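# A closer look at the structure
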Amino acid sequence: MNLSAPSIEHDDCDELAALCKAGGDPLRLNVLRALSNDSFGVLELAQIFAIGQSGMSHHLKVLAQASLVATRREGNAIFYRRALPHTELLGGKLHAALLDEVDQMRLPADVQNRIGLVHRQRAAASQDFFSRVADKFRAQQDLIAGLPQYRDSVLALLDKLSFKAMATAIEVGPGDGGFLPDLARRFARVTALDNSPAMLELARQLCERETLANVSLQLADALDGVQLTADCVVLNMVLHHFAAPAEALKQMAQLLQPGGSLLVTDLCSHNQSWAKEACGDLWLGFEQDDLARWATAAGLTPGESLYVGLRNGFQIQVRHFQRPAGDTHHR
Ligand SMILES: C[S@@+](CC[C@H](N)C(=O)[O-])C[C@H]1O[C@@H](n2cnc3c(N)ncnc32)[C@H](O)[C@@H]1O
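Residues numbered from 1 in each chain as written. Predicted model: local features only at pLDDT ≥ 70, side-chain atom pairs only at ≥ 80, totals over all residues.

As recorded by an unreviewed UniProt entry, the protein carries the name Transcriptional regulator, ArsR family and is attributed to Pseudomonas saponiphila.

A word on the overall build of the protein. When helices and strands are tallied, the protein shows 13 helices and 10 strands. On C-alpha atoms alone, the protein measures out to a radius of gyration of 22 Å, which is about the 20 Å that the 2.2 N^0.38 rule sets for 331 residues. Dimensions along the principal axes, computed over C-alpha positions, put the protein at roughly 90 × 40 × 40 Å. When each of the 331 residues of the protein is scored for burial, the buried share is 36%. Expressed as a percentage of contacts within the protein between residues at least 6 apart in sequence, the contacts between residues at least 24 apart total 67%. (Helix = DSSP H or I, 4+ residues; strand = E, 2+ residues; numbered from the N terminus. Rg over C-alpha atoms; globule rule 2.2 N^0.38 Å. Buried ≥ 20, exposed ≤ 12 C-beta atoms within 10 Å, placed from the backbone. Contact = placed C-beta atoms within 7 Å.)

Bringing the pairing of strand β10 (residues 315-322) into the picture now. Most of β10 is tucked away, with six of its eight residues classed as buried. Here strand β9 (residues 301-309) runs beside β10; their pairing, made up of seven bridges, is antiparallel. Each bridged residue has a counterpart across the sheet, and for Y307 the counterpart in β10 is Q317. (Pairing = 2+ DSSP bridges.)

Before going further, it helps to spend a moment on the sheet that holds strand β7 (residues 230-236). Taken in spatial order, the seven strands make up an open sheet running β6-β5-β4-β7-β8-β10-β9, and their pairing is mixed. On the outer flanks of this sheet lie β6 (215-219) and β9, each paired with one strand and no other. Ignoring which end each strand starts from, the neighbouring axes of this sheet average 15° apart. The pairing of strand β8 (residues 256-267) with β10 spans seven bridges and is classified as antiparallel. Bridge pairing in β10 links L263 to H320. Contacts from helix α10 (residues 197-209) reach β5 (189-194) and β6, with the element oriented near 165° to β6. (Axes fitted to C-alpha atoms, helices over the stretch in contact; angles between N-to-C directions.)

Here the focus is the site of the ligand. In the vicinity of the ligand there are 21 residues, among which G173, G175, S196, A222 and N236 approach most closely. Elements with a minimum of two residues in the shell around the ligand: α6 (109-133) and β5. Of the residues contributing to the shell around the ligand, the split by class is 10 nonpolar, nine polar and two charged. (Near = placed C-beta within 6 Å. Nonpolar A, V, L, I, M, F, W, Y, C, P; charged D, E, K, R; others polar.)

What follows concerns unusual backbone geometry. We note that A50 has phi near 50°; this positive angle belongs to a residue other than glycine. Backbone geometry places M237, a non-glycine residue, at a positive phi of 55°. If you trace the backbone, M237 turns up in the loop between β7 and α11 (245-253).

Structural data, given as structure tokens:
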């Protein structure tokens, strides 16, 4: 009889042990929960969990060693988000099961409050920017990409969708209103929502100049329970100003009628951190996969996409997401 022990692959064991160790701490489980639909920098996470930065860095290192979190450089800052489980790899099923269980947990109320605070700090920085730059808005936008560089692509997607004559549209964050004439020509009624009085005044002047009779302007935070729906919702270069973009896409989905379309134009992921200072950007573009994943989580179906390469090295993505026609549940 052969009594020799089965051979143990130490590398494999190390990986599984790292995963178990990373999951074996209540604070780290709560960090994973907080990252379920968001990404945060180490300072933000330290603030959210009310612990020192070095303590939080240690926990993040343990989570990263177990491949439970992934990092993304945003200029000088590093943002953490959850890594996706690969169930075909060793530990992948455990990873997926851990996230499933974690998602059943509710974050403690004080942690949720501090997440809200971090989001409000991000949003305030963005709003403050637009109140300061309204007079030089176009020049500031053109530093990266101005409407002329993506207008035709958005219109190409829009026109392919063949909206009915009575269809309605909402433009979130119209800025100085440059896209409103295009929408006014294609939709029976258009509502433009902006939370910056200075920007909305620019849009108002443009509507007056162009005598756009079917456009109404509303001073409103699009993320603050807007009670409106439309057949088409357009977000041109706005998502990267939202504090929590994944959550924001859920709220944008609620503005859609069943069968309605969400058109999102934004930068692809980039590393030009000066854009934060110069253009008030909270996020340096987005990974294409992230947008599709967030939209899917918001109950939308990814449709066609167009990409526009710019001479200054930036790339723009124009994305279509649809609320299924059969999705008639009140949201
Ligand atoms: C970069 S500008 C884009 C303007 C225009 N869509 C374009 O493509 O030129 C972003 C606009 O979104 C608005 N905005 C940012 N956060 C918002 C929010 N939470 N609700 C409504 N508007 C918002 C800003 O005030 C600004 O007018």
